[in-house]
Amino acid sequence: MDWMPSVHQSSQPQAQIWTLYTDRAWGHLGGASTVLVEPSGLWLKYAARLAFKATNNIAEYEGLILGLNKAMALGAKTILVKTDSQVVAGQVKKEYTTRELELVGYLAIVRALERRFLRFTLKYIPLAENLEADELAKAVANNLPMPEGMFYQELQALTIEATPKAFKQNLVTESKD
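Residues numbered from 1 in each chain as written. Predicted model: local features only at pLDDT ≥ 70, side-chain atom pairs only at ≥ 80, totals over all residues. Heavy atoms only, no water.

Here we take up the pairing of strand β1 (residues 17–26). Of all the 10 residues making up β1, 7 are buried; the element is thus mostly covered by neighbouring parts of the structure. Strand direction decides the pairing type here: β1 and strand β4 (residues 78–83), joined by 6 bridges, are parallel. Residue pairing for β4: Y21 is matched across the bridge by K82. (Buried < 20%, exposed > 50% of the residue type's maximum accessible area, 1.4 Å probe, protein only. Helix = DSSP H or I, 4+ residues; strand = E, 2+ residues; numbered from the N terminus. Pairing = 2+ DSSP bridges.)

Its location among the elements puts T98 in the loop between α2 (86–92) and α3 (101–114). When near neighbours in sequence (up to four residues on either side) are disregarded, T98 contacts Q91, L103, V104 and L107. (Contact = heavy atoms within 4.5 Å.)

The backbone of K94 shows a phi angle near 65°, a positive value even though the residue is not glycine. Relative to the elements of secondary structure, K94 occurs in the loop between α2 and α3. Residues other than glycine seldom take positive phi values, yet N143 does so here, at roughly 55°. Along the polypeptide, N143 turns up in the loop between α4 (131–141) and β6 (151–155).

Below, the structure written as structure tokens:
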């Protein structure tokens, strides 16, 4: 009997893709939200009220960082981020130059976080495809009742100010490895 080579099947399981939708809104205070969709299809909703003055772009970055941290904590290795912010999408994808000092700091944190994933993809989407995250951000910004099953927190300071300097240096150092 001759031995036939078998068709090679990868022993690596197919990458489990997590999808992250993120948005921001303004009302009484700013709000940032993220909707994290697990590979199983389970939707996890997070919202943060911003108890500080922030631009639209800063609020967008706050939502993105919130979502990336939640995804990492839940063990995501492959992530597809969807945002309706052309500015944030363009900066993260290196299509736009980041000049504002605060946004440079936020982008550095995102760069460090993205390197902790095996695969990181960011895609710009129209608002019509981001309604769930948009509604959460509006609800938290306007002190409306929160949807059942949503996780909520209040951010007292900008992430770039609240993140300890040593931790930021560690993130940047790890991201260069």
